[in-house]
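The residues making up each chain are set out below.
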Amino acid sequence: MIKQILNRLPRKLSRSSDNREGGGSSTSSSNASTSSRSSDLASNHYANSSGLTFSGFNSTPYSGLNQGNKFSQAVNAKLNGNMVASFEALPSFRDVPNSEKQNLFIRKLNLCCIVFDFTDLTKNLKEKDLKRQTLLELVDYVSSTNGKFQEIVMQEIVKMVSANLFRALTYPPRENRVLEAFDLEEEEPSMDPAWPHLQVVYEFLLRFVASPETDAKLVKRYIDHSFVLRLLDLFDSEDPREREYLKTVLHRIYGKFMVHRPFIRKAINNIFFHFIFEIEKHNGIAELLEILGSIINGFALPLKEEHKLFLVRALIPLHKPKCIPMYHQQLSYCITQFVEKDCKLADTVIRGLLKYWPITNSSKEVVFLGELEEVLEATQPAEFQRSMVPLFRQIGRCLSSSHFQVAERALFLWNNDHIENLIKQNRKVILPIIFPSLEKNARNHWNQAVQSLTLNVQKIFSDTDPELFEECLHKFEEDEARENEVKSKREATWKRLEGIAAMKAASNEPVLISPKTTNRKLSG
């Protein structure tokens, strides 16, 4: 009876990949506890979301790798043509002897290569449920199997995963997509209606990659550069659940396949370039930065030149896009990691922040000040001195901002003990730069909280070095008196010109101004 059931299904297997990577050793940097924690995380995602149906994506099948996919393409063509394909249940793994389990596993993988249309919730309900149950069986089999996976099995696994995951991502119409960061934060994400199946496929891939029975030397021929690139393309998915799984899977691939690590870093780098300088819209920047945060944390010292260039050419320019609040927390962590690993990079980072400092976006300015505090907290005195002059010129402009949140956030820098000590050590340079802003705030700022914080900062300087404080106050009063004198002369000149113009108006005579008067006007 079992043989009759098995014989009803096609026995054709895909050919091995044309793009194989040969040789080389590969090791995993992820320890056992990290791997199990990731699997538990993925399992929790699955448990929380199973059974729910969402709308959003069009799950059009997309052929990804070079492995043969004729079987799934033929069956999918029938499904797309509204023809009912032969889709029947295969026996359970418990019902066949151990010698037959591998062949049954391959048949189940082939069965799951069929991709259904989830945009129509009433279509192929029985077949969809059967496929999901089969996928769950595959997950259990991969998790509990003993013995290394053979190459033919790896090939079929990658074929099935590719058939289900690698598809064209669709988006709402462009006119409905607002690029302003804070609007994007409030937008409801699009949920993929195929997620009940996609989630199990991601869980299957995750457990396959993390399995100790998966030989990295063999499987790297199939989980190759092409596979990684298509996996990275999926990070632009609008479904946050999919991006979470992708983040975990890519992290496991990075840990298991050492040979792929430079390529993965370079591919992420290219995604950032495309995002920064061309489209300024990508859904997965935060997740990619989260992966990089873990990667940067593991960089050996001294840092390679490649990593420093990545900081300068990719991470620092990520401060340019308008939607930076969507990923700023992860970006700030990556930047701070670099400064903590190599304190000499603090000057580079601070000058990079100043280069991209927002001019008319006060909300973004508050975000920059928050990141600046984290960077300064990891900055050593020698590096601080190299950039403190341009830095405090910018902080001075923030202190005198009419937007109270900007001024308030800049004044909060003095609440950090490390930053306060750096400022005190270099007060002779810093105080003359920011004193005018502090004094104007204390006298005229419209916000009471800003005035109160300003007085506290002035008291810190006054208590630390009263002579310097008095000297700056005296210079400020002199400059203010000089400005008032110039302002009075300018107003007197304009009044005299208005008087002359009024006298000549009746006779229609031109108003002649002596060179002396002109010079006064220009100097004013």
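Everything below is about the structure shown above.
What you see is a predicted model, and the numbers here were worked out from it, not measured in a lab.

**With respect to the overall build of the protein**
- Counting its regular elements, the protein contains 24 helices and zero strands.
- Taken over 524 residues, the protein has a buried fraction of 49%.
- A separation threshold of at least 6 residues defines the contact pool for the protein, and within that pool the share at least 24 residues apart is 80%.
- Roughly 26200 Å² of accessible area belongs to the protein as shown, and the carbon and sulfur atoms make up 51% of that amount.

**Details of the packing of helix α17 (residues 362–377) against helix α18 (residues 381–399)**
- Two elements in contact, α17 and α18, have axes whose closest approach is 13 Å; the angle formed by their N-to-C orientations is 155 degrees. It follows that α17 is roughly antiparallel to α18 by the angle criterion. Relative to α18, α17 is oriented so that their crossing is left-handed. Residues E365, L369, L372 and L376 of α17 form the contact with α18, whose participating residues are F384, L391, Q394, I395 and C398.
- Class assignment for the residues of the contact of α17 with α18 results in seven nonpolar, one polar and one charged.

**Looking at unusual backbone geometry**
- At the junction of L301 and P302, the peptide bond is cis and its omega measures out at -5 degrees in the coordinates.
- Of note, P302 is situated in the loop between α13 (285–297) and α14 (305–315).
- Its identity is not glycine, yet E280 carries a phi of approximately 55 degrees, on the positive side.
- Judged by relative accessible area, which is 23%, E280 ranks as partly exposed.

**Things to note about the packing of helix α5 (residues 125–144) against helix α8 (residues 195–210)**
- At a closest axis distance of 9 Å, the pairing of α5 and α8 adopts a crossing angle of 15 degrees. The orientation of α5 relative to α8 falls into the category roughly parallel. Judged by the twist between their axes, the crossing of α5 over α8 is left-handed. Contacts from K128, K131, R132, L135, L136, L138, V139, V142 and S143 of α5 reach α8 at P196, H197, V200, V201, E203, F204, R207 and F208.
- In the contact of α5 with α8, the residues fall into ten nonpolar, two polar and five charged.

**Things to note about helix α6 (residues 151–165)**
- Look at α6: 21 Å from first C-alpha to last across 15 residues, which is about the 21 Å you get at 1.5 Å a residue.
- Taken across its 15 residues, α6 has 13 buried, putting it largely inside the fold.

**Concerning the pattern of salt bridges**
- Tallied over the entire structure, the rule returns 26 salt bridges.
- Salt-bridge contacts for E151 lead to R221; the nearest nitrogen and oxygen are separated by 3.1 Å. You can see E151 sitting in helix α6 and its partner R221 sitting in the loop between α9 (216–219) and α10 (225–233), a full 70 residues away along the chain.
- Judged by relative accessible area, which is 24%, R221 ranks as partly exposed.
- Among the ionic pairs, R409 bridges to E373, the shortest N-O distance being 2.7 Å. Remark: E373 occurs in helix α17 and R409 occurs in helix α19 (residues 404–411); sequence separation between them is 36 residues.
- For E373, a relative accessible area of 17% puts it in the buried group.

**A closer look at the packing of aromatic side chains**
- Taken as a whole and assessed by the stated rule, the structure comprises 19 aromatic pairs.
- Each ring, one from W195 and one from Y245, has its centre 6.0 Å from the other, and the planes form 55 degrees; the classification is tilted. With W195 in helix α8 and Y245 in helix α11 (residues 240–256), this pair connects stretches of sequence that are 50 residues apart.
- Its relative accessible area of 1% is what places W195 among the buried residues.
- Measuring from ring centre to ring centre gives 6.0 Å for F404 and W446, while their planes differ by 80 degrees; the resulting arrangement is edge-to-face. With F404 in helix α19 and W446 in the loop between α21 (427–444) and α22 (448–464), this residue pair connects regions lying 42 residues apart in the sequence.
- With a relative accessible area of 30%, F404 lands in the partly exposed category.
- Judged by its relative accessible area of 56%, W446 falls in the exposed class.

**Let's talk about the environment of R409**
- The class of R409 is buried, set by a relative accessible area of 19%.
- Once the C-alpha coordinates of R409 and V450 are considered, the two residues, 41 residues apart in sequence, prove to be 9.4 Å apart.
- Non-local contacts of R409, meaning those with residues more than four positions away in its chain, are made with V366, L369, G370 and E373.

**Comments concerning the state of the cysteines**
- This model, assessed by the stated rule, comprises zero disulfides.
- In this structure C112 is not part of a disulfide, and its nearest cysteine sulfur, from C113, lies 7.6 Å away.
- Judged by its relative accessible area of 0%, C112 is buried.

**Here's the deal with the nonpolar core**
- Within the largest apolar cluster, 132 residues are counted, with the highest numbers of intra-cluster contacts made by F272 and L315.
- The element that contributes the greatest number of residues to this core is α8, accounting for ten residues.

**Section: the environment of K428**
- On the secondary structure map, K428 appears in helix α21.
- Here K428 falls in the exposed class, since its relative accessible area comes to 58%.

**Concerning the environment of L413**
- Counting through the fold element by element, L413 comes out in the loop between α19 and α20 (417–425).
- Spatially, the C-alpha atoms of L413 and V457 are 9.8 Å apart, while their sequence positions differ by 44 residues.
- Setting aside anything within four residues of it in sequence, one finds L413 in contact with L369, E373, I395 and I419.

Scoring rules and cut-offs
Residues numbered from 1 in each chain as written. Predicted model: local features only at pLDDT ≥ 70, side-chain atom pairs only at ≥ 80, totals over all residues. Heavy atoms only, no water. Helix = DSSP H or I, 4+ residues; strand = E, 2+ residues; numbered from the N terminus. Buried < 20%, exposed > 50% of the residue type's maximum accessible area, 1.4 Å probe, protein only. Contact = heavy atoms within 4.5 Å. Areas by Shrake-Rupley, 256 points an atom, 1.4 Å probe, with all protein chains shown as cover. Axes fitted to C-alpha atoms, helices over the stretch in contact; angles between N-to-C directions. Parallel < 35°, antiparallel > 145°, perpendicular 65-115°, else oblique. Left-handed = near helix turned anticlockwise from the far one by under 90°. Nonpolar A, V, L, I, M, F, W, Y, C, P; charged D, E, K, R; others polar. Expected span 1.5 Å × (residues − 1). Salt bridge = Lys/Arg side-chain N within 4 Å of Asp/Glu carboxyl O. Phe/Tyr/Trp six-rings, centres within 6.5 Å; stacked < 30°, edge-to-face > 60°. Disulfide = S-S within 2.5 Å. Core = buried A, V, L, I, M, F, W, Y, C linked by side-chain atoms within 4.5 Å.

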